[in-house]
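Residues per chain are reported as follows:
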Amino acid sequence: MPIKPSRKTPMPMLDPVERRRLFQEVNQGYDAPRARFEATRCLECQSPACEQGCPVLVPIRKMSRLIAEGQFEDALRAVKEVNSLPAVCGRVCPQESQCEKHCHLGKRFRPVGIGFLERFLADWEIENGRIREELPEPRPEKVAIVGSGPSGLTCAGDLVRLGYRVKVFEALHEAGGVLRYGIPEFRLPNRVLDFEIEGLKRLGVEIECNVVVGRTVTLDELLGEYAAVFLGTGAGLPSFLKIPGENLTGVYSSNEFLTRVNLMRGYRFPEYDTPVRAGRRTVVVGAGNVAMDSVRSALRLGADEAVIVYRRTIKEMTARVEEYEHAVEEGVEFNWLTTPIRVYGDERGWVKGIELERMKLGEPDASGRARPVPTGETFTMECDTFVVAIGTSPNPLIAAYTPELKTQSWGGLIVNEETGETSKERVYAAGDIVTGSATVIEAAGGGKKVAAAIHKRISGE
Ligand code: FAD
Ligand code: SF4
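Residues numbered from 1 in each chain as written. Chains lettered and ligands numbered in written order. Predicted model: local features only at pLDDT ≥ 70, side-chain atom pairs only at ≥ 80, totals over all residues. Heavy atoms only, no water.

Examining the overall build of the protein chain
Consideration 1: Counting secondary structure elements, the protein chain contains 18 helices and 15 strands.
Consideration 2: The C-alpha atoms of the protein chain give a radius of gyration of 22 Å, which matches the 23 Å a tight globule of 461 residues would have.
Consideration 3: Summarising its shape, the C-alpha atoms of the protein chain cover approximately 65 × 60 × 50 Å along the three principal directions.
Consideration 4: Residues classed as buried in the protein chain amount to 54% of the 461 residues present.
Consideration 5: Residue pairs in contact within the protein chain that sit at least 24 positions apart in sequence constitute 70% of those at least 6 positions apart.
Consideration 6: Surface summary for the protein chain: the accessible area is close to 20,400 Å², and the carbon and sulfur share equals 49%.
Consideration 7: Between the averaged position of the 60 positive side-chain charges in the protein chain and that of its 64 negative side-chain charges there is a distance of 3 Å. (Helix = DSSP H or I, 4+ residues; strand = E, 2+ residues; numbered from the N terminus. Rg over C-alpha atoms; globule rule 2.2 N^0.38 Å. Buried < 20%, exposed > 50% of the residue type's maximum accessible area, 1.4 Å probe, protein only. Contact = heavy atoms within 4.5 Å. Areas by Shrake-Rupley, 256 points an atom, 1.4 Å probe, with all protein chains shown as cover. Lys, Arg positive; Asp, Glu negative; His and termini not counted. Charge placed at Lys NZ, Arg CZ, Asp CG, Glu CD.)

A few points about the site of ligand 1
Consideration 1: Surrounding ligand 1, one finds 37 residues, the nearest of these being Val92, Ser151, Glu170, Arg187 and Asp432.
Consideration 2: Within the contact set of ligand 1, a nitrogen atom lies 2.7 Å away from a backbone nitrogen or oxygen of Val92.
Consideration 3: One of the backbone N or O atoms of Ala438 is found 3.2 Å from an oxygen atom in ligand 1.
Consideration 4: Coverage of ligand 1 by the protein amounts to 95% of the 1,000 Å² it exposes when considered alone.
Consideration 5: Elements represented by at least two residues in the shell around ligand 1 include exactly helix H9 (150–161), helix H14 (289–300), helix H16 (397–401) and helix H18 (440–459).
Consideration 6: Per element, the largest residue contribution to the shell around ligand 1 is three residues, and it comes from H14.
Consideration 7: Considered class by class, the residues forming the shell around ligand 1 number 19 nonpolar, 13 polar and five charged. (Near = heavy atom within 4 Å. Polar contact = N/O pair within 3.5 Å; in protein donor to acceptor, adjacent residues only side chain to side chain. Nonpolar A, V, L, I, M, F, W, Y, C, P; charged D, E, K, R; others polar.)

Some details on the site of ligand 2
Consideration 1: The environment of ligand 2 is formed by Cys42, Leu43, Cys45, Pro48, Cys50, Ile60, Cys103, His104, Val112 and Ile114.
Consideration 2: The residue makeup of the shell around ligand 2, split by class, is nine nonpolar, one polar and no charged.

Considerations on helix H15 (residues 321–329)
For an α-helix, 3.6 residues make a turn, and residues three or four places apart therefore share a direction.
Consideration 1: Within the span of H15, buried status applies to Glu322, Glu323, Tyr324, His326 and Ala327.
Consideration 2: Turning to H15, the residues buried within the fold contact helix H1 (16–19), helix H8 (114–128), H14 and strand E9 (333–335).
Consideration 3: Residue Gly331 follows H15 closely and has a positive phi angle near 100 degrees.

A word on the environment of Met264
Consideration 1: With respect to the secondary-structure elements, Met264 resides in the loop between helix H13 (254–261) and strand E7 (281–285).
Consideration 2: Looking at Met264, the relative accessible area reads 35%, which means it is partly exposed.
Consideration 3: Along the sequence, Met264 and Thr274 sit 10 residues apart, while their C-alpha atoms lie 6.5 Å from each other.
Consideration 4: Once you skip the residues sitting within four places of it in the chain, Met264 turns out to touch His173, Thr259, Tyr272 and Thr274.

Side note on the packing of aromatic side chains
Consideration 1: Tallying each qualifying case throughout the model produces 11 aromatic pairs.
Consideration 2: Ring plane angle 80 degrees and centroid distance 4.9 Å describe the contact between Phe72 and Phe120, whose orientation is recorded as edge-to-face. Here the residue Phe72 occupies a position in helix H5 (residues 72–80), and Phe120 occupies one in helix H8, the gap between them amounting to 48 residues. Note on accessibility: Phe72 and Phe120 belong to one class, buried.
Consideration 3: Ring centres of Phe334 and Trp336 lie 5.2 Å apart, and the angle between their planes is 20 degrees; on these two criteria the pair is classed as stacked.
Consideration 4: For Phe334, a relative accessible area of 16% translates into the label buried. (Phe/Tyr/Trp six-rings, centres within 6.5 Å; stacked < 30°, edge-to-face > 60°.)

Digging into the side chain of Thr385
Consideration 1: Structurally, Thr385 can be placed in strand E13 (residues 385–388).
Consideration 2: For Thr385, a relative accessible area of 0% corresponds to the buried category.
Consideration 3: Polar contacts involving the side chain of Thr385 include one to the main-chain carbonyl oxygen of Arg277, which spans 3.3 Å.
Consideration 4: Residues in contact with Thr385, not counting those within four places in the same chain, are Gly250, Tyr252, Phe257, Arg277, Ala278, Gly279, Arg281, Thr282, Val283 and Val351.

In short, geometric facts, not functional conclusions.
What follows is the structure, given as structure tokens:
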């Protein structure tokens, strides 16, 4: 493929016709010549606006210069000083609305492929062996982290690099949070996540799975043993449409559907005895990353047709551009301005189809996006699987068992904006449990902020 300096160096990827039935990773990553070429597109700006667009402040200008010079290890070291999860962020961050959105080169040409470069470095480490990291003298204080998603892992990584003894408690049987149970193998392979988590363990982070804080152990018990507790428990409680028929067999929340596919390894049936049925036609309601992951997983599970229905238009869609484009290439059908109003089933209680209503756009709502307004025009669509991907809210468990934790009306924990401390002393929180469903890098940024605040409180530095 010819490479033009005005364009981002193309990412090699699997052919859409082939990959729509495979859980193999779609993006194949840059090789060294491609990465070095892409890095030379960076203008090394005096004021690198890209860095201000990154919630964890990756030193993008320095990273690009070192990659262009072929000094991959130094470039990776610079990234890892601030980001514990470069292989993850390089794959799933919405760069188009963060660092790359601010890139000065983007004013005239395509911005530097910052995410692709970060991913290249992380993959280089996986292929060439781990780089050594120097740790400071160990400190006596222990910190407990609840939840092993990106906020918890980042907070753990920063604290262990400051010398603390850190233990992560995770409710599920594997660590990683949404990175493990939500984002599918074809976007973020388990082996990549395993490498990142193993790296943190080697630095000294201890991880204990199958511990539901609030039930197995209480927050007060943790506070008795640890100098501080960080809550990064995410927003894993699915929202439903509250329409008739939603309890039929074959109707899933996106959380359940993706957890069965990813965490329970449904995508490796029959090797794993946990089949997930996609049927002939799967319909997914929603147009965020979660909806795209669900609909693309359905294709890979064997659905002949995989359909998105969304009550607004492509302009209001919240999915990453790349995810949408990949879904289109793979043959996903999009029905804009439509919303399900009823699910109907057969005599055995299996979903058989949905009734939908056409919408039109009205005035902007509180989110600033045009409000969908019903038109009264309805139609039906047959399907064997129906997945609801319209959002999630914070897991209420810890707050329910700990009345001193103050929450917003929608369930998010209330924290001090500067430190992330909750209404309970020595208990901090960040990530989706505070912001509601957001992004990996925002959760990581929140985890970093809290790590700094905990360090300041304990050490006075
Ligand atoms: P989570 O990742 O939700 O992790 C929370 C962890 O806490 C979980 O492992 C949970 O089991 C554990 N936990 C909960 N309660 C307890 C308890 N009581 N005791 C112990 N452990 C507990 N963002 C992007 O930037 N790009 C994307 O492409 C993208 N795609 C996504 C696709 C899907 C399918 C989903 C669901 C989300 C996606 N997101 C994406 C959003 C992103 O993954 C989240 O914003 C991010 O993972 C939030 O991180 P977190 O650390 O706050 O929580
Ligand atoms: Fe390079 Fe763009 Fe950042 Fe400038 S803004 S330093 S061109 S990545």
